[in-house]
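Notes for the structure review
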Amino acid sequence: MKVVVMSNIKGGSGKSTTAVHVSEALARRGKTLVIDLDMQADVTDFFLPGVSLEELEKKNILLLLTGQKSIGDLIFHGKSVDIIPATLTLSRLQKLTEESYFFLNQLRKGLEQVSSTYEYVVIDTPGSSRLELNIALTVANLVTIPVTPSKWAIRAVNLLLDELAATETLFSGKKDAAFIPVLFGTSQKHRDLLERLKSIEEIKTLPEIPRSESIKTKTERHQFLKKDSNPWHSFDHLADAILLILDPPMSYPLG
């Protein structure tokens, strides 16, 4: 099982939209679980638009993190992906920071219980530096960072990398990280910013997701992208690039 975390501590980075469509693309390659760790619950709204708030309060990620329910009791099974939702009650977690180490281990233990069921797990995180972000980073195999062409983009990335470094120190494990350029246009300003991202040698830059009204409209309507459309192919290509990092092809010595 490989865990992909979508993260950017700057809001409006296209993080949740990217998480939705990357999850769908990965699901074409193997059984996929989506975990919503963002109390804004945009990913939950996309995958579970018809589920009542009452039902979501009985089955959500907070109940796993606080040890009230096991992971198997919280999964909603879908046609393409399965999901553990979030609700606004996830905001309560921040008030319990004195028990943060307990929460950090709850998700890890839960994923171990379903490791034989899922090939991929995609976790959406809040657009801020919160405990939920650190929880996700501890279980990540790959941290993907959607980045928009904003003057704050590089600064936000640096702050996220600080969080990631602290997590690696705590759990003694190096995490792969990669940028996902989102909504970049053809202007010189956008191209220059993209080149700045690519110049950060220790972090790969994955294929771009283009500015697209179709992506925006389909996501707002809780609809998947049209098969074989340009946006569909963009996320399919992105999923392939992610898998090359998660499972790099084996190289054999010559001779």
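Up top you'll find the structure we're talking about.
Worth saying up front: this structure is predicted, and the values here are computed from it rather than measured. (Residues numbered from 1 in each chain as written. Predicted model: local features only at pLDDT ≥ 70, side-chain atom pairs only at ≥ 80, totals over all residues. Heavy atoms only, no water.)

1. What about the nonpolar core?
One broad trend across soluble globular proteins is that nonpolar side chains are buried collectively. Operational definition: Here, nonpolar core means buried Ala, Val, Leu, Ile, Met, Phe, Trp, Tyr and Cys residues that are tied together by side-chain atoms lying within 4.5 Å of each other. For the exposure calls, accessible area comes from a 1.4 Å probe over protein chains only, and a residue counts as buried if that area is under 20% of its type's maximum, exposed if over 50%, partly exposed in between. In this description a helix means any DSSP run of H or I spanning at least four residues, a strand means any run of E spanning at least two, and both kinds are numbered starting from the N terminus. Should any heavy atoms of two residues lie within 4.5 Å, those residues are considered in contact.
Formed by 45 residues in total, the largest nonpolar core has its most connected members in Ile-35, Leu-37, Ile-61, Leu-107 and Ile-123. A per-element tally of this core places helix α6 (residues 131–139) first, with 6 residues. In this structure, Ile-123 is in contact with Val-3, Val-4, Val-5, Met-6, Ile-35, Leu-37, Leu-107, Ala-136 and Val-139, ignoring residues within four places of it in sequence. Counting residues in each nonpolar core, the second largest holds 35 residues, with Phe-46, Val-81, Ala-178 and Leu-206 among its members.

2. A few points about helix α10 (residues 230–246)
Stated precisely, the cut-off is as follows: Multiplying 1.5 Å by the helix residue count minus one yields the expected span of that helix.
Relative to the 24 Å expected for 17 residues at 1.5 Å per residue, α10 spans 24 Å between its end C-alpha atoms, a close match to the ideal helical length. Across the 17 residues that make up α10, a large majority, 12, are buried. Inspection of α10 places Pro-231, Trp-232, Ser-234, Phe-235, Asp-236, Leu-238, Ala-239, Ala-241, Ile-242, Leu-243, Ile-245 and Leu-246 among the buried residues, and these make up the whole buried set.

3. Quick notes on the environment of Val-147
Tracing the backbone shows Val-147 in strand β6 (residues 142–147). A relative accessible area of 1% places Val-147 in the buried class.

4. Some remarks on the environment of Phe-103
Its place among the elements puts Phe-103 in helix α5 (residues 100–113). In this structure, the C-alpha to C-alpha distance between Phe-103 and Leu-62, residues 41 residues apart in sequence, is 9.6 Å.

5. Some points on the sheet that holds strand β5 (residues 120–124)
Rule in force here: When DSSP finds at least two bridges between two strands, those strands are taken to pair.
The sheet built from 8 strands is open, its strands ordered β3-β4-β2-β5-β1-β6-β7-β8 with mixed pairing. Sheet topology places β3 (76–77) and β8 (204–205) at the edges, where each strand pairs with a single neighbour. Looking at chain direction, strand β1 (residues 2–6) and β6 are connected through 3 bridges and run parallel. If you follow Val-4 over to β6, its bridge partner there is Leu-142.

6. What to know about unusual backbone geometry
Here the phi dihedral of His-222 falls at roughly 60°; this positive angle occurs in a residue that is not glycine. Tracing the chain through its elements places His-222 in the loop between α9 (213–220) and α10.

7. Notes on the packing of aromatic side chains
Which entries qualify depends on this criterion: Pairing of aromatic rings covers Phe, Tyr and the six-membered ring of Trp, with a centre-to-centre limit of 6.5 Å; geometry is then stacked below 30 degrees between planes, edge-to-face above 60, and tilted otherwise. The criterion for a charge sitting over a ring is simple: Lys NZ or Arg CZ within 6 Å of the ring centre, and within 35 degrees of the ring normal.
Counted under the stated rule, the structure contains 3 aromatic pairs. Ring geometry for Phe-46 and Phe-47: centres 5.1 Å apart, planes at 80°, overall edge-to-face. One exposure class covers both Phe-46 and Phe-47, and it is buried. For the ring pair Phe-46 and Phe-224, a centre distance of 5.3 Å and an interplane angle of 70° mean the geometry is edge-to-face. Residue Phe-46 is located in helix α2 (residues 42–47), and its partner Phe-224 is located in the loop between α9 and α10; the two are separated by 178 residues in the primary sequence. In textbook terms, an aromatic cluster arises when at least three aromatic residues are bridged by ring pairs, as seen for Phe-46, Phe-47 and Phe-224. Here the guanidinium or amino end of Lys-59 rests over the ring plane of Phe-76, the centre of that ring lying 4.2 Å away.

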